[in-house]
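Residues per chain are reported as follows:
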Amino acid sequence: MSRLSKEQWLDHGLHQLAQHGFTVLKADTLAKSLGVSRGSFYWHFKDLGAFHRAVLAHWYQVTVAAIIQDIETQEVSPHAKLERLIRIAVGSSRSLERAVRAWSFYEPAVQTTLADVDAKRLEYVTTLLSNMGLDDARAQAKARVIYCGYLGQVVLSDDLSQTQQSSIIDELMSIADTQC
């Protein structure tokens, strides 16, 4: 097997976190699941703490920064951007989000990252709503309601049909309606 890249380790860490929870984020456990030696892990990460920080940074990049960047590259209305964001959120797997939130109960660094992620997501939704014509106070309030709707879906363990997802997207977008 060729040497694993740092990104492969991080992707695997996110996958294992989503599937099995934060307790599997250990050098031995991850190396065994990849079929490589622990030396491969330590080639990229000074220690387990460095790996955990890198996993959290990677999670932020994948679940916040890359999504916002992708949406912002589209030359569409703020309404269309918000709908795209909500479609991504409602249609995505919730297991990784749940796992990070569970991890945050045990690790202050995860709590800090989670607070940053929540703030960035709220800020982005607020910006989109402001760009749709809402004043700051209403944009912030509606952003919080929309985000709470997303977080509610995160904690529910049911899988949604396409019809259910579409209904939720429609309801969240109706909250965003600037006329209400």
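All figures in this text were calculated on a predicted structure; none of them were measured in a lab.

How each quantity is defined
Residues numbered from 1 in each chain as written. Predicted model: local features only at pLDDT ≥ 70, side-chain atom pairs only at ≥ 80, totals over all residues. Heavy atoms only, no water. Core = buried A, V, L, I, M, F, W, Y, C linked by side-chain atoms within 4.5 Å. Buried < 20%, exposed > 50% of the residue type's maximum accessible area, 1.4 Å probe, protein only. Helix = DSSP H or I, 4+ residues; strand = E, 2+ residues; numbered from the N terminus. Contact = heavy atoms within 4.5 Å. Phe/Tyr/Trp six-rings, centres within 6.5 Å; stacked < 30°, edge-to-face > 60°. 1 Å grid on protein atoms, 1.4 Å probe; cavity = no way out; pocket = protein on both sides within 12 Å on 5 of 7 lines; lining within 4 Å. Points joined across faces, edges and corners; volume = space filled by probe spheres on them. Nonpolar A, V, L, I, M, F, W, Y, C, P; charged D, E, K, R; others polar. Expected span 1.5 Å × (residues − 1). Arc of directions from axis to C-beta.

Okay, the nonpolar core next. Across soluble globular proteins, nonpolar side chains show a tendency to be buried alongside one another. Counting residues in hydrophobic clusters, the biggest one holds 49 residues, and the most contacted among them are W9, F51, L82, I86 and L129. When residues of this core are traced back to their parent elements, those giving at least two are α1 (6-20), α2 (27-34), α4 (48-72), α5 (78-91), α6 (95-104), α7 (108-131), α8 (136-155) and α9 (162-176). Dropping the residues within four chain positions of it, F51 is found in contact with W9, L10, G13, L25, L30, F41 and F45.

A complete count under the given rule lists eight aromatic pairs for this structure. Arranged with centres 4.9 Å apart and planes meeting at 75°, the rings of F45 and F51 form a pair that is edge-to-face. With respect to class, F45 is no different from F51; both count as buried. An aromatic cluster is present here, built from W9, F41, Y42, F45 and F51 joined pairwise through their rings.

In this model, the largest pocket occupies a volume close to 450 Å³. As for the largest pocket, its lining consists of 23 residues, and the residues nearest its centre are T63, I67, A89, R121 and Y150. Counting only elements with at least two residues in the lining of the largest pocket, the list comes to α4, α5, α6, α7 and α8. Residues of the lining of the largest pocket, tallied by class, amount to 17 nonpolar, four polar and two charged.

Its place among the elements puts S40 in helix α3 (residues 38-44). Among all residues touching S40, those that are not within four sequence positions of it are L4 and W9.

Let us look at α5. For α5, built from 14 residues, the straight-helix expectation of 20 Å at 1.5 Å per residue is met to within 8% by its first-to-last C-alpha distance of 20 Å. The complete set of buried residues in α5 reads K81, L82, L85, I86 and V90. Relative to the axis of α5, the buried residues are bounded by an arc of 160° and lie together on one face. Taken together, the buried residues of α5 touch α4, α7, α8 and α9.

The values are spatial; any link to function lies outside them.
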